[in-house]
Amino acid sequence: MKKKMTTVSFNGTKEQEIALDKVIAEHKDQKGALMAILQKAQGIYGYLPIEVQQHIALAMDIPLSEVYGVASFYSQFILNPKGNHAVSVCLGTACYVKGAGLLMDKLESVLGIKNGEITADRKFSLDATRCIGACGLAPVLTVNEEVYGRLTPDMIAGIIAKYN
Amino acid sequence: MINNIADLIKIRDAYAGKIAFRQHGAEKVSDGKIEKHVLICGGTGCTSSKSVQIKEKMEAAIKAAGIEEKVQVVLTGCFGLCALGPIVIVYPEGTFYSRITLDSVDEIVNEHLVNGNPVKKYLYSETVKGDQILSLNETTFYKKQKRVALRNCGVIDPHCINEYIGTNGYLALAKVVTEMTPEDVIKEILDSGIRGRGGGGFPTGRKWQFAAAQPKGQKYVVCNGDEGDPGAFMDRSILEGDPHALIEAMAIAGYAIGANEGYVYVRAEYPIAVNRLQNAIDDARREGLLGKNILGTDFEFDMQIRLGAGAFVCGEETALLTSIEGNRGEPRPRPPFPAVKGLWGKPTIINNVETYANIPQIILKGASWFSSMGTERSKGTKVFALGGKITNTGLVEIPMGTTLREVVEEIGGGIPNGKKFKAAQTGGPSGGCIPASKYDVEIDYDNLIAQGSMMGSGGLIVMDEDTCMVDLAKFFLEFTVDESCGKCAPCRIGTVRLLEILNKITEGNGEMEDLDKLEELANYIKSASLCGLGQTAPNPVLSTLANFRDEYIAHIVDKKCPAGVCKKLFTYKIDLDKCMGCGLCAKQCPADAISRTDYVAEGHKLASMQIDSTKCVKCGACLPSCKKFQAIYKG
Amino acid sequence: MENMVNIKINDREYAVPANSTVLEAARYAGVDIPTLCYLKDINEIGACRLCLVEVKGARGLAAACVYPVNEGMEVYTNTPKIRKTRKTNLELVVSAHKKKCLTCIRSTSCELQKLCNEYGVDEDHFQGNNNAYAIDDSTPYIVRDNEKCILCRRCVAACKNMQGIGVIGANDRGFDTHIASAFEKTLDQTSCIGCGQCIVACPVGALYEKDDTAKVLAAIADPTKHVAICAAPSVRATIGECFDYEPGTDVEGKMVAAMKALGFDGVYDMNLTADLTIMEEATEFLERMKEGKNLPLITSCSPGWVKYCEHYFPEFTDNLSSCKSPQQMFGAMYKTYYAQKVGLDPKDIVFVSAIPCTAKKFEVTRDHQNAAGVCDVDVAITTRELARMIKQAGISFRALPDAKFDDPFSIGSGAGAIFGATGGVMEAALRTAAEVIEGKKLEKLEFEDVRGIQGVKKAVYKLGGKEIRVAVASGTANAKRLLNEVKAGTTKVDFIEIMACPGGCVNGGGQPTQPAVVRNNVNLRELRAKVLYTADKNLDVRKSHENSAVKKLYDEFFEKPGSHKAHEILHTSYVKRGLK
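Residues numbered from 1 in each chain as written. Chains lettered and ligands numbered in written order. Predicted model: local features only at pLDDT ≥ 70, side-chain atom pairs only at ≥ 80, totals over all residues.

## Observations concerning the overall build of chain B
For step 1, the next point in the chain: Of regular secondary structure, chain B possesses 25 helices and 19 strands.
For step 2, the next point in the chain: Computed over the C-alpha atoms, the radius of gyration of chain B is 27 Å, within 12% of the 26 Å expected from 2.2 N^0.38 for a compact globule of 635 residues.
For step 3, the next point in the chain: Dimensions along the principal axes, computed over C-alpha positions, put chain B at roughly 90 × 65 × 40 Å.
For step 4, the next point in the chain: Looking at chain B as a whole, 59% of its 635 residues are labelled buried.
For step 5, the next point in the chain: When contacts within chain B are restricted to residue pairs at least 6 apart in sequence, those whose partners lie at least 24 apart make up 72%. (Helix = DSSP H or I, 4+ residues; strand = E, 2+ residues; numbered from the N terminus. Rg over C-alpha atoms; globule rule 2.2 N^0.38 Å. Buried ≥ 20, exposed ≤ 12 C-beta atoms within 10 Å, placed from the backbone. Contact = placed C-beta atoms within 7 Å.)

## A short note on the domain arrangement of chain A
For step 1, the next point in the chain: As assigned here, chain A comprises domain 1 (14–73) and domain 2 (85–163).
For step 2, the next point in the chain: With centres defined by C-alpha atoms, the gap from domain 1 of chain A to domain 2 of chain A works out at 30 Å. (Domains from an automatic or database assignment.)

## Concerning the interface of chain B and chain A
For step 1, the next point in the chain: Tallying the contact residues gives 45 residues for chain B and 36 residues for chain A.
For step 2, the next point in the chain: For the side of chain B that touches chain A, the secondary structure elements donating two or more residues are α2 (44–48), α13 (317–324), β11 (381–388), β15 (459–464) and α18 (469–483) of chain B.
For step 3, the next point in the chain: Residue composition of the side of chain B that touches chain A, grouped by class: 18 nonpolar, 21 polar and six charged. (Nonpolar A, V, L, I, M, F, W, Y, C, P; charged D, E, K, R; others polar.)

## Considering the domain arrangement of chain B
Residues and elements named next belong to chain B.
For step 1, the next point in the chain: Domain boundaries assigned for chain B yield domain 1 (9–143), domain 2 (161–371), domain 3 (381–464), domain 4 (469–556) and domain 5 (571–634).
For step 2, the next point in the chain: Distance from the C-alpha centre of domain 3 to the C-alpha centre of domain 4: 22 Å.
For step 3, the next point in the chain: Every contact between the two is made by eleven residues of domain 3 and, on the other side, 14 residues of domain 4.
For step 4, the next point in the chain: Taken together, the residues of the side of domain 3 that touches domain 4 break down into six nonpolar, five polar and no charged.

## Things to note about the interface of chain B and chain C
For step 1, the next point in the chain: Residue-level contacts link 24 residues of chain B with 25 residues of chain C.
For step 2, the next point in the chain: Of all the elements in the fold, those that place two or more residues in the side of chain B that touches chain C are α18, α19 (489–506) and α20 (512–528) of chain B.
For step 3, the next point in the chain: Counting residues per element, the side of chain B that touches chain C draws most heavily on α19(B), which supplies eight residues.

## Observations concerning the pairing of strand β2 (residues 71–76) of chain B
As a general feature of sheets, a regular strand has side chains that alternate between the two faces.
Residue and element names in this part refer to chain B.
For step 1, the next point in the chain: Counting buried residues along β2, five of its six residues qualify, which places the element largely inside the surrounding structure.
For step 2, the next point in the chain: Direction of pairing for strand β1 (residues 36–41) relative to β2: parallel, over a ladder of six bridges. Opposite Cys41, over in β2, you have Thr76 as the bridge partner. (Pairing = 2+ DSSP bridges.)

## A word on the sheet that holds strand β9 (residues 302–307) of chain B
Residues and elements named next belong to chain B.
For step 1, the next point in the chain: Taken in spatial order, the four strands line up as β9-β8-β7-β10 in an open sheet, and their pairing is parallel. The open sheet has two free edges, formed respectively by β9 and β10 (348–352), since each of these has just one partner strand. With direction set aside, neighbouring strand axes in the sheet form an average angle of 20 degrees.
For step 2, the next point in the chain: Of the strand pairs in this sheet, strand β8 (residues 261–266) and β9 are connected by six bridges, and their pairing is parallel. Paired with Tyr263 across the strands is Gln304, a residue of β9.
For step 3, the next point in the chain: The strands that helix α12 (residues 271–286) touches are β8 and β9; relative to β9, the one it contacts most, it runs at about 165 degrees. (Axes fitted to C-alpha atoms, helices over the stretch in contact; angles between N-to-C directions.)

See below:
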């Protein structure tokens with residue numbers, strides 16, 4: 001799995017930086033806190049640009065390469081912001097066996113982007129996700145926090161239209 | 001604040017009636033003024049289909065009907081029958097409503113709760129036998145189950161520590177810290193014969209024994225809640241439905257090995273589970289069941305949650321530890337085993353959620369009760385997540401030794417659409433498939449391994465004749481390739497080379513000698529990889545090769561995919577004589593590959609359609625549109 | 001008596017230390033189990049899986065490098081299954097390896113190549129797609145070719161665990177895992193210090209120095225250029241390894257002869273400017289002691305250390321000695337004093353240094369290293385590059401009669417010689433400082449406390465009634481530890497010697513590579529350092545200030561140590577780079 005390098009320019013705010021410093025301070029005495037800090041940092045910024053990772057590295061007194069090594073290892077850490085609407089198709093076994101692959105094909109054609117990409121207007125991003133555990137509803141996809149289950153490819157256009 | 005056992009018993013007694021009310025045949029039990037309990041599933045599956053909104057609407061409707069004094073609405077954990085969600089159960093009858101929508105709420109409240117007449121049309125069809133309405137416990141889905149680890153899921157409110165105590169919760173911990181020595185506890189666990197529910201099936205008591213034998217000092221109790229096996233969600237269900245059981249068990253483990261700190265490593269993809277567990281930890285701490293001087297003794301134990309960030313390999317115990325330590329989740333060589341040198345180099349035990357969920361019961365009911373269930377070398381029950389081509393998708397808990405056929409045909413309700421059982425995959429990407437010829441295998445650790453599969457965490461995916469086994473092996477391998485950490489060479493490079501050979505075969509470029517290479521490489525990866533992920537990654541390939549070699553050969557020699565799955569090996573065609581020329585298929589086609597011919601079949605009004613195979617992307621979208629005429633086929 | 005256990009290796013019984021691994025134990029049976037990722041103490045990760053052995057009763061195969069022995073254990077290192085496993089392992093590794101073996105810089109010294117040969121590997125047995133990676137040659141010192149990388153992570157361990165730096169690490173996951181800097185930045189955009197320890201850790205040709213031999217050869221071929229070379233103290237102690245001498249063989253005479261055979265117009269001994277450095281640095285130290293300013297004084301002859309200081313401890317750059325390194329002093333002196341003396345235009349001089357170091361390739365590009373208006377040193381070539389040039393020229397190194405360095409720069413004192421080992425600069429400086437302070441000859445020249453291969457050494461000497469507190473650190477992780485103590489005030493010290501490479505220049509990043517089996521079992525640092533200490537002991541002149549050639553330099557040109565002229569030519573400045 002190769003992380004896609006950041007393509008947007010950084011425009012973090014002072015408030016975000018204060019929030020990040022607060023997170024770092026909260027974890028100051030906790031052993032092995034890097035992942036937790038990265039998770040919260042991603043919550044603050046929406047992604048983990050170099051500026052944020054550098055800030056964390058300096059504050060924790062660890063090499064940037066170590067921070068990046070962790071950020072690039074786990075699939076949930078991202079180097080680019082997601083679209084306003086993050087569409088994720090579950091490709092867990094239960095969903096796959098029930099045709100989640102076809103949902104992905106359909107989404108790619110409806111959104112005009114590939115898995116892992118974001119539309120030019122930044123409205124939608126499309127990703128495959130690991131099993132979210134809603135296997136009873138297989139195949140499922142999520143848009144932001146909303147879960148859609150028992151889907152067939154012909155339902156895709158309707159779902160996307162709701163967010164357009 | 002619960003300061004001693006007496007405090008605990010007081011709460012237990014106050015809530016026991018409430019819990020008993022929700023058992024089968026609860027008519028005889030009373031819960032004070034309350035006449036009905038409405039249990040709504042708040043597991044991830046049902047939440048995804050709006051069960052939380054249903055609960056809110058239900059409460060509002062109950063209030064509007066003026067019966068809020070008589071009805072208690074509870075959002076519980078998962079009932080297990082996820083395929084039928086959202087699920088609503090009404091006690092004392094145990095009436096089972098399935099696939100409830102917001103629109104049906106008012107009717108249920110008015111007809112059933114107010115007038116006492118269950119609304120048949122919303123009931124799960126299996127529970128309606130003419131005039132008779134069965135309770136959920138009488139359905140085949142539940143009847144054959146034996147719920148130990150899941151005993152509280154779908155019964156109690158996971159947000160309410162008192163309801164847990166009402167089920168004798170924390171009494172096992174109380175017994176341990178007041179009546180038992182650490183040695184006693186370990187002996188009980190050893191005698192119960194329980195083996196790890198997460199992977200290899202190592203005897204839990206032995207693990208504890210090793211860690212307990214280490215010199216006194218900092219030790220850790222870790223819970224592996226990084227349920228990464230796609231299609232398995234029992235750990236999540238327990239965390240969502242019965243979080244206190246885990247807390248109690250980890251405290252017991254802490255007492256047994258001499259540890260006072262615990263970590264629960266949970267997938268970040270499980271927000272509801274994390275939230276409920278955190279709540280439960282906070283409640284337990286507030287009540288004094290975590291922290292210093294637990295139940296008036298000098299035993300001290302506390303715990304915290306660490307979130308995963310999307311790496312399957314972190315389900316491997318040493319990778320999980322490196323991840324808790326804040327690093328790339330790369331496994332470490334064993335020995336030293338975690339029981340000797342684990343988290344931050346200290347003795348550590350790691351068990352998964354389901355294993356822990358059994359512990360309080362073993363302590364309370366005794367090792368012999370537990371070991372009376374199951375087979376010779378696999379004691380107790382096991383939770384399985386049924387998925388794939390099966391009617392009752394969901395979670396089931398069965399005594400070890402139940403046959404695969406019973407699980408699929410009876411509990412699981414068989415294969416939908418009249419299709420035939422082809423194989424079941426257990427153990428997820430680490431497991432293998434069990435073919436129809438072994439349908440009567442009794443499920444336990446050793447039998448599954450003998451079939452070239454494994455228990456794993458308990459995913460059980462059913463395949464019918466439409467599943468291509470080569471494609472399935474490829475699917476799992478793609479998963480492990482994606483999830484390999486990249487540390488050791490056999491797994492990092494070997495699985496990719498394995499996948500490349502499979503790709504070659506499914507694309508119609510395979511040669512017979514590829515089969516030998518697959519086997520050679522698969523066996524090598526198994527024996528040479530650093531961790532469990534790599535050591536089991538080739539299992540799907542090896543077991544499909546062993547059981548479905550013909551299918552591989554069909555791909556290689558005949559260049560055909562018998563199941564019609566491998567896109568390069570078939571085309572969609574239209575039977576011109578069957579086609580009515582309705583043109584529905586062309587509307588579904590995303591690739592503009594379907595056009596009208598000049599040919600009008602005998603007796604038809606419109607000219608037939610045809611598929612341009614050079615344009616066709618084989619998405620299959622046209623197929624359902626021709627359900628009526630069956631003119632489209634794969635060839 | 002060590003605690004021993006009895007084990008069987010390949011059916012024969014051995015008593016081995018109880019704390020050994022199977023890999024270590026196998027050596028008692030005369031078996032070298034092959035490894036690729038294992039480096040003792042710094043990279044014990046069990047990742048390459050080449051050292052798998054069969055252990056009776058164990059589940060699966062065991063990685064010998066990390067598997068502890070226990071009483072009664074039975075190990076098999078050479079069964080058909082093991083041989084097959086190793087062969088398949090190697091076949092997979094080469095399937096993901098850029099097989100440019102014929103022209104690879106590590107051909108014949110490649111650990112992978114050797115094993116493939118031994119195991120009769122079919123390099124095309126497994127074929128498949130591999131990721132494409134651009135070669136990173138952004139720095140003047142290190143080149144990384146990730147298409148040759150086998151992900152043993154020895155370089156990462158060297159950088160992070162051994163040196164405490166960590167500008168490289170494993171990025172991404174699974175088959176996409178690769179070694180690089182954060183956000184795939186090229187090395188020049190990081191705080192890499194160029195020590196080159198990653199290169200000498202690399203078992204294959206994925207890391208190598210930027211080869212500058214072409215520049216040197218072109219200069220030699222140019223009749224308008226005067227091309228001179230000087231050899232750093234430790235090169236003569238190691239270059240023999242490139243010509244099959246045992247580690248720790250002094251081949252000064254043959255090295256000089258080979259350099260002459262290559263056609264250099266002057267072949268000189270850098271020990272001379274090591275002495276010159278001592279004259280300047282001892283003077284600087286005494287002045288700073290007198291003024292109590294910018295103490296502790298910290299040596300500046302290791303360019304990797306200097307860059308480390310600039311990046312990681314910019315608050316200490318004022319403490320660095322302003323002295324140029326011996327390499328730079330030589331070039332500066334040569335292009336000023338010597339050029340004048342013999343009537344050469346500095347522009348026509350190409351001054352080459354042969355050094356054990358990759359960071360020196362960066363040092364030659366630094367600002368304020370151009371005393372004659374042109375760069376002091378034109379090209380710095382490592383021990384490995386020098387050996388490569390000698391081989392390419394067809395010179396039979398081993399058959400050469402010994403030769404001597406050219407006058408007038410042929411004399412180095414014993415003090416200059418020991419510069420190449422950790423503690424050497426300190427000892428050399430103490431010999432001179434002590435005599436200056438005390439005003440009389442030392443009875444014993446050896447300052448034993450600062451010798452040896454420990455990471456940090458501390459000592460207190462009483463000179464002229466005054467206590468001088470000294471400390472020596474080698475390896476930047478040790479330097480970091482020491483400087484943090486100094487910062488915190490827990491260590492009080494007046495004079496510090498720091499070398500970027502653990503053990504000093506004898507273990508420099510430009511030194512001959514040695515396979516893991518040698519690195520793990522032979523104390524290279526000690527063996528190589530011994531050459532220098534032996535040379536010191538056998539020399540008549542063992543103190544820098546007694547070196548007649550140095551005295552002549554001052555008499556004829558620099559006037560006296562610390563003079564204005566010396567400052568202009570022999571001293572330099574530093575920048576605060578900060579972390580990148």
